[in-house]
Structures are given as structure tokens and as C-alpha cells.
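Descriptive structure summary
Here is what each chain is made of, one letter per residue.
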Amino acid sequence: MNPRETIRVLLVEDDAGDAHLVKMKLGQTQSGRFDVTWTQSLNEAQRCLAASPFDVLLLDLSLPDSEGLATVRSAREMAMDIPIVVLSGRGDTDFALTALEAGAVDYMVKGDFGYDGLARVIRYSLLRAEMEARNNLLIAALDAAANGVVITDKAAIIIWANSAFGRLTGYSPEEAVGNNPNQLTKSGMQDAAFYQDMWANLMAGQHWRGELINKRKDGSLYHEELSIAPVKNGAGEITHFIGIKEDVTERKELEEQLQKLASTDPLTGLFNRRVFLERLEQERAKVARLPHYVAVLLMLDLDFFKRINDNYGHATGDAVLKAFAEITLNNSRAIDVPARLGGEEFAILLAGADKNDAMAMAERLREQVAAIVIDHELGPVQITVSIGAATLLADDRDGDAVLHRADSALYEAKDRGRNQTYWSCF
Ligand SMILES: [Mg+2]
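Treat the numbers as computed from the prediction; the structure is a model and nothing was measured.

Quick notes on the rules
- Residues numbered from 1 in each chain as written.
- Predicted model: local features only at pLDDT ≥ 70, side-chain atom pairs only at ≥ 80, totals over all residues.
- Helix = DSSP H or I, 4+ residues; strand = E, 2+ residues; numbered from the N terminus.
- Rg over C-alpha atoms; globule rule 2.2 N^0.38 Å.
- Buried ≥ 20, exposed ≤ 12 C-beta atoms within 10 Å, placed from the backbone.
- Contact = placed C-beta atoms within 7 Å.
- Expected span 1.5 Å × (residues − 1).
- Arc of directions from axis to C-beta.
- Domains from an automatic or database assignment.
- Pairing = 2+ DSSP bridges.
- Axes fitted to C-alpha atoms, helices over the stretch in contact; angles between N-to-C directions.
- Parallel < 35°, antiparallel > 145°, perpendicular 65-115°, else oblique.
- Left-handed = near helix turned anticlockwise from the far one by under 90°.
- Nonpolar A, V, L, I, M, F, W, Y, C, P; charged D, E, K, R; others polar.

Topic: the overall build of the chain
The helix and strand inventory of the chain stands at 15 helices and 17 strands. At 41 Å, the chain has a C-alpha radius of gyration far larger than the 22 Å of a compact globule built from 426 residues. Dimensions of the chain, computed from the C-alpha atoms along their principal axes, are close to 125 × 55 × 35 Å. A buried classification covers 30% of the 426 residues belonging to the chain. Relative to all contacts within the chain whose residues are 6 or more apart in sequence, the contacts with residues 24 or more apart total 58%.

Encoded structure:
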């Protein structure tokens, strides 16, 4: 509102004397120019509002065609967003206060306008209408935001939340108000120390940002990136907190997929050569460091695999590889490292396993592989596996040393007629 602009006033007052007084007061004031249009009934006022724009409505409640609070309510409907200032009779303060609830922004007692009172009340009502409009605009912007926005008081109790908060958490803004946001969506995936650290930061007046796993109203979990800012008053005291929440579940899942792609063989789902060599090196170092720690390496090769590809096609070859990988995974413990090193060449690193465990596992695997039957139009396809086994030794200089022993044992198993396990003599 520009203070130099003329303020367009619609005065609705059936008493000519009162109307004259208002016009006179607004004409005299030094604080701005007022252009007053006078009407004597609500009907007339409606015609005026339809015909030209006004900034403010001065409303007498007792009119020929309307009486009391009904006048405020009707005027509110007609005037849309234009602020209404009620002109009340002397000793009618209680009633004037009720008028505020019905939609007026302020009231003035007729005859008590003072030197500049009426002009000031009009100016305040315009300022307030402008602030309300701006407030509504900001709320609309926050509500349109894609991220969840939540405002709490200093005790971390929600006083406002936007629509995106509702979509993210499953709790409508109405349900959320009055609750603590962490309690509402706590999944138990973060420990007490996590929240203590968060609060220590916030109470020190600092921004906090982090990722957490939260729980929706329906019980499902999601990854959230949360940023919290404390809001301070003029004295520097924290009065509110503003939380911005983003659902990063898709990004997290993508990261996990990429991690998996980078570490596994796409056809069989077994670890790839790179991961296998890393883990072999770790196990070798552990065997060298810990006096009684043992580990075994199995090298596995599918017998006459090339013939399967040649005779039955690559699709059947792939089916055989997948069936073999499934048996390998089923026989491996979580700490083992079953890997496809390339083609029909596989390895399993048995962490913490001694010779007896390893032999039992290798034999079980060999028998199960021999039982694989893949259907094909040319007849059932079967496969066997040859296995070379070697223990990791404390004086192995690197992973290649044990790889070499297991490879020689595998060669020996092949040489001795395949479909068997051979244990390295070294
Ligand atoms: Mg009247």
C-alpha cells in the first residue's frame, strides 16, 4: 500500500449525520487522501461493489435492509477480500467484538473517531489485509512444494505441515498437528545417540542435516533426507523449528543396485572376479596374522561345458550356469565368497573353514551338480563339476600363491577323470 495513493472507501451508513461526520473526518486528515462513496443500504452497496473497485468498507450494522451480524456476514460475502471496518454505536463494544468473529477486521465507535483515529484504523486494516494476502501466498507456496515441510514449536510439537508431508508420511497435516514429528515416524532404525546428536546441534542453534529411515503411517519404511533449522526471535531465543523432508528411497535403492551391479556377475548373481580377489587378499592377510585362523579356496570348473553350448545353444548353456550358481549359493554360508571368475570357471572362498568342512562342502556340491537336469528338445542336459581345493597358508605372499595351488589341484581333478574333488598336496 502506497501511503500517497488515494484510498477508496465505500461507506454504508443510513444516518446522514453519521455519514457526514465520517466524510468530514476523512477529509480533514493529514495522513493520506480518502475518496469516500456513500451508500445507505446493503443493496446499494452491492451495486457499488459490482461497479467499481474499493479498498475498504465502512459498515454501519443497522441498515434499512439488514440488521446486526447478518449485515457483516452479507457484506463479507459481497466484499470478497476487501477489509470491513464496522461502525458501532456507543456502549456496543461486546457486540463489535462479535462482529470481528463474523469477518470484520476492526471496529470504530461512532463519534469517538478522535483527531486521526478513523484514518488510522483504515490504514491498519489495509495493512493487515495485505499481510494476510502475503501470508496466504506463502502458505500456498509451501503447500505446493514437493518436499515435506513441517513447523514445530520449541518443544518440537507440530503446529503446521504441508501437503507433501502428508504424502510422504501418510499422516494428514491435521493428524500431524500436536505431535512430535520424530515420534510420529520413528522406525527404530536410528539409535538414541542419533537423536541426541541431532538435538544437541539444534539446541546449540545450529542447522542439522542427515539421512534416516522413517516409518509411514501404514508401517512401511522409507529413506528420508531431513534438514532442520531452528528459528529464533529478536532476543536470539529459539521459538520454532522448521523441518524439510525429502523422500530419497528411490535414490537409495538405485545406489544399492549400482553397488550390486559393480560387485556381482549379472548372469549368475555370484560375486565377480574383482570382489573375489579383494576378499581373497583380506582372507590371506587374516590367515597370516591370526595363528589358528584357517580358510580354504575351491576352484571349480564345469566339465565339457563347451559341448553344451555347441550342442544345445547358449540359452541352455546359460541355464546350466544359473542352475550351478544356485546350488553354489545354497551351499555357501554368509561369510563365504562364491564367485564367477569367467566363462565356466568358478571359485568359492570358505572363510574360517578347515579341510574337513571344505571337503564335505565340496562333495555335497559336486553331487548336487551331478543331479542337475535341464530339459531340452534334444533330450535332458546334465553336467558335472571338477573341483580343486587348497588351504590358505600363513606364508602365502599373495592371493596368486593359493590360486595357483588350487588351479593345479583342479587340473589334477580333471586329469583323473573329472567329476571329482582333488586336494592340493601343498
Ligand atoms: Mg444505522
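After that view of the structure, there is still more to cover.
A look at helix H1 (residues 16-28)
For H1, with 13 residues, the first-to-last C-alpha span of 18 Å sits near the 18 Å given by 1.5 Å per residue. Looking only at H1, the buried set comprises Ala19, Val22 and Leu26. Looking down the long axis of H1, one finds its buried residues gathered within 60° of arc, a one-sided arrangement. Among the exposed residues of H1, those pointing more than 90 degrees away from its buried face are Ala16, Gly17, His20, Met24, Gly27 and Gln28. Buried residues belonging to H1 abut strand E1 (7-12), strand E2 (34-39), strand E3 (56-60) and helix H5 (117-144).

Points about the environment of Lys306
By the element assignment, Lys306 lies in helix H12 (residues 305-312). By C-beta crowding, Lys306 is classed as exposed, having 11 other C-beta atoms within 10 Å.

A few points about the domain arrangement of the chain
If you check the domain split of the chain, you get domain 1 (7-141), domain 2 (145-251) and domain 3 (264-423). Between domain 1 and domain 3, the C-alpha centre-to-centre distance is 89 Å.

Overview of the sheet that holds strand E9 (residues 158-161)
The strand order across the open sheet built from five strands is E9-E8-E12-E11-E10, with neighbouring strands paired in antiparallel fashion. A strand with exactly one partner marks an edge of an open sheet, and here the two such strands are E9 and strand E10 (208-215). Each neighbouring strand pair of the sheet contributes to a mean axis angle of 25°, computed without reference to strand direction. Bridge analysis of strand E8 (residues 148-153) against E9 gives three bridges, and the strand direction is antiparallel. Each bridged residue has a counterpart across the sheet, and for Val150 the counterpart in E9 is Ala161.

Comments concerning the packing of helix H2 (residues 42-51) against helix H3 (residues 69-79)
Direction vectors running N to C along H2 and H3 enclose 15°, while the axes themselves pass 10 Å from each other. By the angle between their axes, H2 is roughly parallel relative to H3. For the pair H2 and H3, the crossing hand works out as right-handed. Where H2 approaches H3, its residues Leu42, Ala45, Gln46 and Leu49 are matched on the opposing element by Thr71, Ser74, Ala75, Met78 and Ala79. Looking at the contact of H2 with H3 residue by residue, the class counts come to six nonpolar, three polar and no charged.

Notes on the sheet that holds strand E16 (residues 385-391)
Paired through backbone hydrogen bonds, the strands of a sheet run either parallel or antiparallel to each other. One open sheet accounts for five strands, arranged E14-E15-E13-E16-E17; its pairing is mixed. Two strands lie at the open edges of the sheet, namely strand E14 (337-342) and strand E17 (421-423), each paired on one side alone. Neighbour to neighbour, the strand axes of the sheet diverge by 20° on average, direction disregarded. When E16 meets E17, the two strands line up parallel, connected through three bridges. Bridge pairing in E17 links Ile387 to Thr421.

Side note on the pairing of strand E12 (residues 238-247)
As judged from the six bridges shared by E8 and E12, these two strands associate in the antiparallel manner. The residue bridging Asp153 from the neighbouring strand is His240, located in E12. Two strands pair when backbone bridges link them, and strand E11 (residues 221-232) and E12 are joined in this way by nine bridges, in the antiparallel orientation. In the sheet register, Leu226 faces E12, and the bridge partner there is Lys245. Between E11 and the antiparallel strand that follows it, E12, lie five residues; Gly236 among them carries a positive phi value of about 85°.

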